[in-house]
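Residue-level structure breakdown
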Amino acid sequence: MSLLRATLVLTSRQCKLARRTQTQLTPVVLRLYSTDETDKSVDVTRIRNIGISAHIDSGKTTLTERVLYYTGRIGAMHEVKGKDQVGATMDFMELERQRGITIQSAATYTTWNDHVINIIDTPGHVDFTIEVERALRVLDGAVLVLCSVGGVQSQTLTVNRQMKRYNVPCLGFINKLDRQGANPERVLNQMRAKLNHNAAFVQLPIGLEARTKGIVDLVSRRALYFEGSDGGQLRYEDVPSDMTAQVEDRRSELIEHLANVDEELGEMFLLEETPSEGQIHAAIRRQCIKRAFTPVFVGTALKNKGVQPLLNAVVSYLPNPSEVQNFALDESKDEERIQMDPTRDASKPFVGLAFKLEAGRFGQLTYMRVYQGYMKKGDSLYNVRTGKRVRVPRLVRMHANEMEDVQEVFAGDICAMFGVDCSSGDSFVSSNKLQLSMESIHVPDPVISLSIKPEDKGHLDNFSKGIARFTREDPTFRVQYDEDSKETIASGMGELHLDVYAQRMASEYKCKCILGKPKVAFRESINSPVEFNFLHKKQSGGAGQFGRVIGVLEPLPPSSYTKVEFSDETVGTNVPKQYVPAVEKGFRMACEKGLMSGQKIAGVHFRLQDGANHPVDSSDYSFQRAGEGALKEAMEDAVKVILEPVMSVEVTAPNEFQGAVLAGINKRHGLILGQDSAEDYFTLYTEVPLNNMFGYSTELRSCTEGKGEYAMEYCRYQQASPETQETVIREYMEATGQLKDDKKAGKKKARN
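So, here is what we can say about the structure in this document.

Moving on: unusual backbone geometry. Residue Asn167 is not a glycine yet carries a positive backbone phi of 55 degrees. Of note, Asn167 is situated in the loop between helix 6 (154-165) and strand 5 (170-175). With a relative accessible area of 52%, Asn167 lands in the exposed category. Residues other than glycine seldom take positive phi values, yet Arg221 does so here, at roughly 55 degrees. Note that Arg221 resides in the loop between strand 8 (214-217) and strand 9 (222-227).

As a further point, take the packing of aromatic side chains. Aromatic rings in a pair are described by how distant their centres are and how their planes are angled relative to each other. Summed over all chains, the structure comprises 12 aromatic pairs. Members of the aromatic cluster, connected to one another through ring pairs, are Phe470, Phe477, Tyr501 and Tyr509. Over the face of the ring belonging to Tyr109 we find Arg397, whose NZ or CZ atom lies 4.0 Å from the ring centre.

Let's shift gears to helix 11 (residues 307-317). Counting buried positions along helix 11 yields 11 of 11 residues, so the element is predominantly enclosed. Turning to helix 11, its buried residues number three or more, namely Val307, Gln308, Pro309, Leu310, Leu311, Asn312, Ala313, Val314, Val315, Ser316 and Tyr317.

With that settled, consider the sheet that holds strand 7 (residues 203-206). Taken in spatial order, the 4 strands of this open sheet run 7-8-9-10, and their pairing is antiparallel. Each end of this open sheet is capped by a strand with a single partner; those strands are strand 7 and strand 10 (233-238). Taking the axes of each pair of neighbouring strands and ignoring which way they run, one obtains an average angle of 30 degrees across the sheet. As judged from the 4 bridges shared by strand 8 and strand 9, these two strands associate in the antiparallel manner. Along strand 9, the bridge assignment pairs Ile215 with Leu224.

Moving on to the nonpolar core. Core analysis: the biggest nonpolar cluster contains 59 residues, and Met163 and Phe201 have the highest contact counts within it. Phe201 has contacts with Ile174, Pro184, Glu185, Leu188, Leu218, Arg250, Leu254, Val296 and Val298, leaving out every residue within four places of it along the chain. Ala54, Tyr70, Val145 and Val202 belong to the second-largest nonpolar core, a separate cluster that totals 38 residues.

This next bit is on the sheet that holds strand 27 (residues 487-492). Strand order in this open sheet of 4 strands is 26-27-25-28, and the pairing throughout is antiparallel. In this open sheet, the two strands that pair with only one neighbour each are strand 26 (478-482) and strand 28 (513-516). Put simply, the sheet's adjacent strands are angled 35 degrees from each other on average, direction ignored. Where strand 25 (residues 448-454) lies against strand 27, 4 bridges are found, and the strand directions are antiparallel. Bridge pairing in strand 27 links Ile448 to Gly492. Here helix 12 (residues 460-473) sits on the sheet in contact with strand 25, strand 26 and strand 28, set at roughly 150 degrees to strand 25.

Before going further, it helps to examine the pairing of strand 11 (residues 294-298). A large share of strand 11 lies buried, amounting to 5 of its 5 residues. Alternating residues of strand 11 divide into Thr294, Val296 and Val298 and Pro295 and Phe297, and every residue in both groups is buried. Here strand 6 (residues 199-201) pairs with strand 11 via 3 bridges, running parallel. Note that in strand 11 the partner of Ala200 across the bridge is Pro295.

Enumeration over the complete set of coordinates arrives at 26 salt bridges. A salt bridge links Arg235 to Glu227; the shortest N-O distance between them is 2.4 Å. Accessibility expressed as a relative area gives 26% for Glu227, which makes it partly exposed. Each member of the salt-bridge network shares a partner with another, and the members are Glu185, Arg192, Arg250 and Glu253.

Before going further, it helps to spend a moment on the side chain of Gln308. For Gln308, the position within the fold is in helix 11. Residue Gln308 is classed as buried on the basis of its relative accessible area, which comes to 3%. One polar contact links the side chain of Gln308 to the main-chain carbonyl oxygen of Gly231, over a distance of 3.0 Å. Those residues within four positions of Gln308 in sequence are excluded, and the remaining contacts are Tyr70, Trp112, Phe226, Gly231, Gly232 and Leu234.

This part covers the side chain of Arg48. Considering the arrangement of structural elements, one finds Arg48 in strand 1 (residues 47-54). The side chain of Arg48 is buried and forms no salt bridge, while Glu323, the nearest opposite charge, is found at 5.5 Å. Within polar-contact distance, the side chain of Arg48 engages the backbone oxygen of Val314 at 3.5 Å. Side-chain polar atoms of Arg48 contact the backbone oxygen of Leu318, separated by 3.1 Å.

Analysis parameters
Residues numbered from 1 in each chain as written. Predicted model: local features only at pLDDT ≥ 70, side-chain atom pairs only at ≥ 80, totals over all residues. Heavy atoms only, no water. Helix = DSSP H or I, 4+ residues; strand = E, 2+ residues; numbered from the N terminus. Buried < 20%, exposed > 50% of the residue type's maximum accessible area, 1.4 Å probe, protein only. Phe/Tyr/Trp six-rings, centres within 6.5 Å; stacked < 30°, edge-to-face > 60°. Lys NZ or Arg CZ within 6 Å of the ring centre and 35° of its normal. Pairing = 2+ DSSP bridges. Axes fitted to C-alpha atoms, helices over the stretch in contact; angles between N-to-C directions. Core = buried A, V, L, I, M, F, W, Y, C linked by side-chain atoms within 4.5 Å. Contact = heavy atoms within 4.5 Å. Salt bridge = Lys/Arg side-chain N within 4 Å of Asp/Glu carboxyl O. Polar contact = N/O pair within 3.5 Å; in protein donor to acceptor, adjacent residues only side chain to side chain. Lys, Arg positive; Asp, Glu negative; His and termini not counted.

Structure follows, in structure tokens:
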């Protein structure tokens, strides 16, 4: 019997019986990890570590919910958006149930046909892409879910790049066949054209949209119907007569795509021999593991159709941990690559990777993938990055937000540890003599920054605790204090990303936060040299204050717009040398706040040429005040300008959106420096004022259907445009109350 035909057939009554006895199943799974020598561990060939990834709203979480239900892991299926006040098992965070989206990747495990399947359900929003990144880093295979209406979308492309980066084989699952406008053939063509997959149907749908009845297995040429209210009763029949020709055509296409990459089937194809079902299944498995072929399955998870055959395919086609090559870097041998041994015993030293952190009810929860060796509760491990020895007080396996204690774990397992202080991406080994670290997780750079502060200053302690925890858990969420603007700046992958953290701060730490556009670090400068002659003199009985400074304040060249320079050009003793440092100190103190916009003064050179002193009243303080006054006097007389930071920006997007991207850069007064093109994408090199870049992340995603990306870094300062200069000055005058006084004075004159 073929692998796909060997489907586990359960009647509705048997499904209910299995769910009622669910509490008896858990000890069986735990017993697989007991310390009994006769049943020491699960056979490595019966383990699958898979992720479920896709674009937003393709049905990932709904599919995971059905998988858990049919495998007897949960007793009832619930809607993602929590319409029944329960919500999907894997979306356990309250914010996820309110928004109806996945924010954090959630791990669980289940069993199917005597195989243990570890599953990680990942978010679809690009804002939470780090969750997908670190999940795919530790998984052996994946299910790429595609919407039969939306097809290949922006995040599908991102997920596909991530799978390619970590060499993760995948199955395609075209979901939502019941939706209006479903077109699985168009989606398959997009997989071939946009994702460059050598993909072919392994199943065909029987009917589409509201007429979806079942599926046809192309390998076995059998029709499969899902009956009962929960789709748990499977019925096999012959292929419908009106689909016979289509099934034969698609079966030939499947064999042809396999023959292009598989040597055994290729020889049979050239000899015009017909491969058996077993040979087709074996070829699919071989080439799927090599990422040379992507089998495509169809179904509708919401209507309970196509899930059980997909589970069979996960077991049949995706690799077990022993079929995937994982490498560690030996830091003691110049980062030599060492292949990990997937044997599930203690013959080799333990090596594991902490890929995700979470604050649990009992302290920090560290998710770990075991790559080699064996670990049991109470063992001591060494953190390769810090060199510290840590003890593992508790080992658990996760089922969403529920935990099940285990005594030991082996190579190929995904587990979680409590009470271990570490960072995301740390490697752990069993001996401090081992300097093996797993290849790190790719962390994308943040694309958007906003200012963040607590509404109530009395909640600063909770605010600090929340920021410390979130930055530890999520490497793409970064927070820094800007000395120039005196603001706390939060950076992340998108506005939704930062908004979610602000909401979590309010719900988990009772600290409501205000997100706002961060202040740009403008600077004040001058256009032309201006002379100064300032006398600071004060007499109030007793010793007075006296100090005169004479010289020139001149602008620096554009390459030095961020600097302030001071030079002593005095000759003689009019300004005694011991007072020159005091003059410089006064000048630099006065540069901290300009007269026009309240911003720092920069790009100026203070040349001290002469002055005068008094034998009794002169002092350091007197000349310090003289230096301050000289700068202010010179700035009042000079032609002042506002300087603004300019960013070097690289925009990458598909060629079809080139016009829209160029228009967006021009609208933001960008200076285009050059352009490159590779395959179907172009890269635009440009310089744009930072003040004009706010909101660009959202605009770029909108005009490129989410496929565009950009990166920026500081380039230089330049003179701001007249419009920007006027806006900055007006905002400062409003903030200091000067503009209100002017308006009141204007109204009085009008009345008179």
